[in-house]
Every structure is written in structure tokens, then in C-alpha cells.
Amino acid sequence: MKNFAYYTAESVPAAARALAGMKNAVAKGGGTDLLALLKDRVLEPDEVVSLKGAKIDAKVAGVIAATTTLAELAADPWIKKHAPAVHVAADEAATPQIRNVATVGGNLCQSTRCWYYRNKNFACSKRGDDACAALTARSQHRYHAVFPHVACASAHASNLAPALIAVAATVHCVHPDGDRALDAGLLYQDPAKGRVQDTILRPGELIERITVPDSPLARRSTYVEFRERESFDFSAVSVAAAVHIDGGKVIDARIVLGAVAPKPLRATAAEQALVGQPLNAATIEKAAAAAFADARPLSDNKYKVVIGRRLVMRALAGLKEMR
Amino acid sequence: MTLRRIAKRLLVNGEEHEVSFLPHRTLLEVLREDMALTGTKHGCELGECGTCTVLLDGEPVLSCLVLARECEGREIETVEGLAGASGPHPLQHRFAELNAAQCGYCTPGMLMTAMSVLRKTPAPDRETLRRELAGNLCRCTGYLKIYEAIEMAAEDLQDG
Ligand SMILES: Cc1cc2nc3c(=O)[nH]c(=O)nc-3n(C[C@H](O)[C@H](O)[C@H](O)COP(=O)(O)OP(=O)(O)OC[C@H]3O[C@@H](n4cnc5c(N)ncnc54)[C@H](O)[C@@H]3O)c2cc1C
Ligand code: SF4
Ligand code: FES
Ligand code: FES
């Protein structure tokens, strides 16, 4: 790890102001992803601004401070009742030790686990190289994207991102030039050469809070994932889904796929297949097919499409039973 | 950039230590290299194996992914603090008795996670143990003896 100057901030806006005045700085939440990237010298910042001591007023139900740990989020009874997808996603992420330290803001802004990205001996267009090692003939890409982008075939690793998008959570960001609140689904952008971050956050912009609405959609939500190792693992495919059913028909639906593209992917075609219809075996099957209709898997990750479809069906069947 | 050491007071196993270390050092590095507490093991360094587990304010964390400077004012417990005046902790006794340690590399982390489990759940069932120990990998034992040793230690502790 390269040495760095270390700063703390009493609030997230203060941290954002400090970051805005620095040239080569990063923010630090729990550090469970950041420290690994620093050790591998994927990132070599001169300054690290820790959010550890930052005070965030988040006493209201449904308001999650960005510095909340995954363990705290998983233990939040309001979230468990009003946004079960978020509860399960937090509870299933990583290991007990990591959940005790990792923060919600850091989980949303974590980097891909693409092993070529994390090893500077390989070409990576995200890191600014002309080629992507994952897209060469002999690459090892079984965990990579099945909806690859021309610039990058990484898989987005966050559990929380699909879940928060499915329940239509709002992400509140702070920046010295102006704060903004956006739908969690709008936090991410397509990859581009030389841009390591997956979010639309501007340099120095930070997530301060996330709000989960008290809505029928969020209450009827679920998160399911497939991972190779049962004890703990990054998911190979995950699905977060939420439906609002009224009068026997779906009037709103969100289906979000994780770990299949460089960003969490809203399966809008699958959502549209449900809206206006009853939730039954036939519509569920249609939605699952629609979710992966545009998939273009690589040679070694076709399994993600097969399992992904089943996960969409499992998630929706679970929502059918939920009341 | 200058590599000036920083001085911090760290509370380790109930004792305060004034330690000076490089500002970007992890808790694992400071425990092992600056404080000569080599019971905590250095494995993957990336959060994958759990052998570096210590307790921070009673909760298990990975010392390889925590900056030492952020531990000032917090209670750090390592495997060196487990044994008491009367000898090894019941967990240590039972691990030895059941051969729950083979190469032993995972053991300090296992013991510390187990310690935190037993404080919260004096009589944990197998499912709780599986879940709480999910982040501690063992390549030798197949886990069964580890679970059994913890269950027996739990009984020892309840019997007083
Ligand atoms: C072995 C292992 C298994 C894992 N398994 C899973 C899993 O199954 N599912 C899953 O979802 N994750 C998993 N993770 C990833 C883990 O959840 C993340 O490392 C963690 O959530 C990151 O949070 P942090 O607070 O430690 O972030 P940090 O490491 O501190 O930061 C990560 C990034 O987020 C940025 N950041 C932090 N806070 C903010 C903020 N408030 N606003 C803007 N940017 C911010 C930082 O600048 C940095 O770029 C695993 C990690 C490991 C090591
Ligand atoms: S898949 Fe993306 S992150 Fe991985 S090497 Fe290619 S460009 Fe880099
Ligand atoms: S050394 Fe810390 S988890 Fe492996
Ligand atoms: S005893 Fe060898 S790794 Fe557990």
C-alpha cells in the first residue's frame, strides 16, 4: 500500500468539501473494499478522507445513513418489514466480520470483482488500457457479465444495489456545488474507458443518506441470489423484485438483475410483461424469459442466463405468496 | 510524501499501549509487527479467509481490512487475551482435546469469532454456528470438530 494522508470529517458535506479541494483523493467508509484496492495498488490516492466519524441524522424510519453498517441494516426491524428485499440483501452479503464494518454507501460504490481489473498485470479498459483482458479468447470469465458492454464485461458486485433499486429507494448525494436526490436506479452508468467508478457521482460527491419509501411496492419485495459457495460468496446472479398488486392485477413492478452487467440492470421488458396482468404461472414465465431475452453470454457464463431466469421465477413466485 | 510514524494509544486485551506506526498500517500489521502479537494470523489480506479476526468493541472484524489508526479508543481483543490466570480458555481446551486444530492457521480467528458468538448466544445451535463462522475458512478439519469443540466449550462455560 502506498502511504497517504488521512483525514476525518465531522459530516458528509464536510467530507465532500474536503474532497473537492484535493487532487487525488478517495473517500473511505468501512474500507473493506478500498483497502484491498489500495493493497493491490489499483488505486493510489494521495489522500484518504474517512467518513467513519461523520454524523448523519437518520433517526426517522426508512432513512438509512450511508455510514450504516450492513450488520446494522440487516438488524433494522423497519426495513425488514417494509423492504424485505433490502433486509435479505444486507443479511446475505459477505461474512459476519465484513458486515460489521462495511457501510451501505461503500457497498453501493464498491468496485467490480473482475480479477483482471484488480490485477495490474492485465489489460483493463476500465483502468484506461486499450483492451479488456476479460474479452480475449482465452480469458477466464465465468463470473463476468452476460449483458456485456463494449467497453467492459465486468459484473456489478453489490447485493444492496438491486434491492434498493427494486424498492424504489432514493439516494441523497452531497457536493459543494449542490446536493441532489435520485432514484437508486439512476446512480449507475455504462462503463467508459479510463473510468474506474461505476456511479455517476462527480469527483468529491458523496452519498449521505438513502430513503426507503413506505409503499406497497417496497413491502412486497424480495431478493434471491445464486452463489457457488454456500457459506459466503459474491452472487453469480441475483434478482431483486417488487410488485404492487391491486384488484388482482400488477399495477407496478420492478425487477432488477445483479452481477450480470457492469451495473445493476433493471429488466424493464420483464416489468412491462407483468403490469396490467395478474401474477400467475404464465405471466411469471413470460417475465422471466423477457428478463434475459437480450442476454449475450460469454462462452463460460451461459449458466448465469439459465439460473437467472429461474431466479426471476422464484422471486416472483415468492411475491405471489407474500401479502 | 514523508513516512512519519504516528503515535496512538491502543487498548489491547485490557491493557493500554502507546504504539507508533506508519499511518497507513492495518491493525493486523500493527498487532503483529509493531506489538509482536503474532497470535493473530496473516492470511489472504483481502477479507476472504477470516484468520485475522479480532474483536473490536466485542464484534468480530477482519484486522487486515481495518486501519490501526481508526482503532484508537476502542477495545481490541486478540487470541493472546483468551487464556486466563487459571489456564487456557474452555474454547482452547476443547479445540485441543478434539483436534479441532490441525495445521492451526485458522484457529486464532475461529477462536475469536467463537468467543463473540458465545458471549451473545451461550448455547448456540448448529445453524447459528454455521452462520456466524461462515467467514472463517478452514482447509483442514472439515469444520465438524470445530463446531463440536465450540458446543462443548459452551456447555463448560454454562456449567461454570
Ligand atoms: C470476502 C468478501 C465477500 C464479499 N461478499 C459480498 C457480497 O456477497 N455481496 C456484496 O454486496 N458485497 C460483498 N462484498 C463487498 C463488501 O460488501 C464491500 O466491500 C463493502 O460493502 C464496501 O463498504 P465499505 O464501507 O467497506 O466501503 P469502502 O471500502 O470504504 O469504500 C468502497 C468504495 O465506496 C466509496 N464510498 C464509500 N462510502 C461512500 C459514500 N458515502 N459516498 C460515496 N462513495 C463512498 C469509496 O470511496 C470506495 O470507492 C464482499 C467483500 C469481501 C472482501
Ligand atoms: S471486464 Fe471491465 S473491469 Fe474487467 S478487465 Fe475488462 S474492462 Fe477491466
Ligand atoms: S487475512 Fe484477513 S481475511 Fe484473510
Ligand atoms: S486447521 Fe488448518 S486451516 Fe483450519
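The structure contained in this document is the topic of the report that follows.

About the cut-offs
- Along each chain, residues carry numbers from 1 onward, in the same order as the chain's sequence is written.
- Here the convention is simple: chains get letters from A, ligands get numbers from 1, in the order in which they are written.
- Where totals are concerned, whole chains, interfaces and linings use all residues; where local detail is concerned, this predicted model gives features only for residues with pLDDT of at least 70, and gives and counts side-chain atom pairs only at 80 or more.
- Side-chain numbers here rest on the full set of heavy atoms in the structure, without hydrogens or water.
- Every helix listed is a DSSP run of H or I at least four residues long, and every strand listed is a run of E at least two residues long, numbered separately from the N terminus.
- Radius of gyration here is computed from C-alpha atoms only, and the compact-globule reference equals 2.2 Å multiplied by the residue count raised to the power 0.38.
- Burial classification: accessible surface area is computed with a 1.4 Å probe over protein chains only, and a residue below 20% of its type maximum counts as buried, one above 50% as exposed, and the rest as partly exposed.
- In this analysis, two residues are considered to be in contact whenever any of their non-hydrogen atoms come within 4.5 Å of each other.
- Charge counting follows a simple rule: Lys and Arg are positive, Asp and Glu are negative, and His as well as the terminal groups are ignored.
- Throughout, a charge is located at the NZ atom of Lys, the CZ atom of Arg, the CG atom of Asp or the CD atom of Glu.
- What sets the accessible areas is the Shrake-Rupley method with a 1.4 Å probe; for residues, cover comes only from the shown protein chains.
- We call two strands paired when DSSP finds no fewer than two bridges between them.
- Once two parts are joined, some of their accessible surface, as seen by a 1.4 Å probe, is lost; buried area is that loss totalled over both.
- Criterion for a salt bridge: a side-chain nitrogen of Lys or Arg within 4 Å of a carboxyl oxygen of Asp or Glu.
- What makes a residue near a molecule or strand is one non-hydrogen atom of that residue sitting within 4 Å of it.
- N or O atoms closer than or at 3.5 Å make up a polar contact, with two conditions inside protein: a donor-capable atom paired with an acceptor-capable one, and, for residues adjacent in sequence, both atoms drawn from side chains.
- Throughout, the ten residues Ala, Val, Leu, Ile, Met, Phe, Trp, Tyr, Cys and Pro are labelled nonpolar, Asp, Glu, Lys and Arg are labelled charged, and all others, Gly among them, are labelled polar.
- Space inside and on the surface of the protein is sampled on a 1 Å grid over the protein atoms alone, with a cavity defined as a set of points where a 1.4 Å probe fits but cannot get out and a pocket as an open set with protein on both sides within 12 Å along at least 5 of 7 lines; lining residues have an atom within 4 Å of a point.
- Grid points are joined across faces, edges and corners, and a volume is the space filled by probe spheres set on the points.
- Planes of paired rings set the category: under 30 degrees apart is stacked, over 60 is edge-to-face and the rest tilted, where pairs are Phe, Tyr or Trp rings (Trp by its six-membered ring) whose centres lie within 6.5 Å.
- When the NZ atom of lysine or the CZ atom of arginine is within 6 Å of a ring's centre and also within 35 degrees of its normal, the charge is said to sit over that ring.

This paragraph deals with the overall build of chain B. Scanning chain B from N- to C-terminus turns up five helices and five strands. Counting from the amino terminus, helix and strand elements in chain B follow one another as β-β-α-β-β-β-α-α-α-α. Expected size for 160 residues packed as a compact globule is a radius of gyration near 15 Å; at 16 Å, chain B falls within 12% of this value. With respect to the principal axes defined by its C-alpha atoms, chain B has extents near 50 × 30 × 25 Å. Buried residues in chain B amount to 51% of all 160 residues. In chain B, the proportion of contacts linking residues at least 24 apart, taken out of those at least 6 apart, comes to 53%. For chain B, the distance from the average site of its 17 positive side-chain charges to the average site of its 24 negative ones is 5 Å.

A separate point is the overall build of chain A. From N to C terminus, chain A includes twelve helices and eleven strands. Taken over C-alpha atoms, the radius of gyration comes to 19 Å for chain A, in line with the 20 Å a tight globule of 323 residues would show. In terms of overall dimensions, chain A has C-alpha extents of about 60 × 50 × 35 Å along its principal axes. Within the span of chain A, comprising 323 residues, buried residues form 55% of the whole. For chain A, the exposed surface amounts to about 13,400 Å²; the carbon and sulfur share of it is 51%. Within chain A, one finds 41 positive and 32 negative side-chain charges whose respective centroids are separated by 3 Å.

Another point: the sheet that holds strand E10 (residues 249-258) of chain A. All names here are of chain A. Ordered by their spatial adjacency, four strands build an open sheet running E8-E9-E10-E11, and the pairing between neighbours is antiparallel. Single-partner strands in this sheet number two, and they are strand E8 (221-226) and strand E11 (265-266). In this sheet, strand E9 (residues 237-246) lies alongside E8 in antiparallel orientation, the contact comprising six bridges. When the bridges of E9 are listed, Tyr-223 appears paired with Ala-240.

Okay, the interface of chain A and chain B next. Each side of the interface is counted separately: chain A has 29 residues, and chain B has 30 residues. Taken over both partners, the interface formed by chain A and chain B buries close to 2,400 Å², and the fraction arising from carbon and sulfur atoms is 57%. The largest per-residue losses of area from chain A upon contact with chain B belong to A:Asn3, A:Lys39 and A:Gln97, which jointly make up 27% of the total buried on that side. Viewed at the interface, chain B and chain A are joined by four salt bridges. The shortest N-O distance in the salt bridge between B:Arg131 and A:Asp91 comes to 2.8 Å. Breaking the side of chain A that touches chain B down by element, the ones donating at least two residues are strand E1 (5-8), helix H2 (34-39) and helix H6 (96-99) of chain A.

A few words now on unusual backbone geometry. Unlike most non-glycine residues, A:Ala94 shows phi in positive territory, near 50 degrees. Look at A:Ala94 and you get partly exposed, because its relative accessible area is 26%.

Before going further, it helps to spend a moment on the site of ligand 1. Residue and element names in this part refer to chain A. Taken together, 33 residues surround ligand 1, and among them Ala-27, Gly-29, Gly-30, Leu-34 and Thr-103 come closest. Contacts to ligand 1 include Ala-27, whose backbone N or O atom sits 2.7 Å from an oxygen atom. In the complex, 96% of the free accessible area of ligand 1, which totals 980 Å², lies under the protein chains. Per-element tally for the shell around ligand 1: the top contributor is helix H7 (residues 104-109), with four residues. When its residues are assigned to classes, the shell around ligand 1 shows 17 nonpolar, twelve polar and four charged.

What follows concerns the pattern of salt bridges. Residue and element names in this part refer to chain B. Applying the stated criterion across every chain, the model contains 34 salt bridges over all chains. Arg-25 serves as the salt-bridge partner of Glu-29, at 3.7 Å between the closest nitrogen and oxygen. Just as Glu-29 is buried, Arg-25 falls in that class too. Here Glu-97 ties to Arg-94 by a salt bridge, and the two come within 2.6 Å at their closest N and O atoms. Here Glu-97 pairs with Arg-94, and both are found in helix H2 (residues 90-97), just three residues apart, close to one helical turn. Overall, the relative accessible area of 19% leaves Arg-94 in the buried class.

Glancing now at empty space enclosed by the protein. All names here are of chain A. Taken as a whole, this structure holds one cavity of 30 Å³ or more when the rule is applied. Size it by volume and the largest cavity reaches roughly 90 Å³. Every residue lining the largest cavity is counted, 16 residues in all, and those nearest its centre are Cys-114, Cys-124, Lys-126, Cys-132 and Cys-152. Looking at the lining of the largest cavity residue by residue, the classes come out as eleven nonpolar, four polar and one charged.

Our focus in this paragraph is the packing of aromatic side chains. Counting across every chain of the model gives four aromatic pairs over all chains. Aromatic side chains B:Tyr143 and B:Tyr147 sit 6.4 Å apart centroid to centroid with 25 degrees between the ring planes, which places their arrangement in the stacked category. We classify B:Tyr143 as partly exposed; its relative accessible area is 22%. Positioned above the aromatic ring of A:Phe232, the side-chain terminus of A:Arg229 is 4.2 Å from the ring centre.

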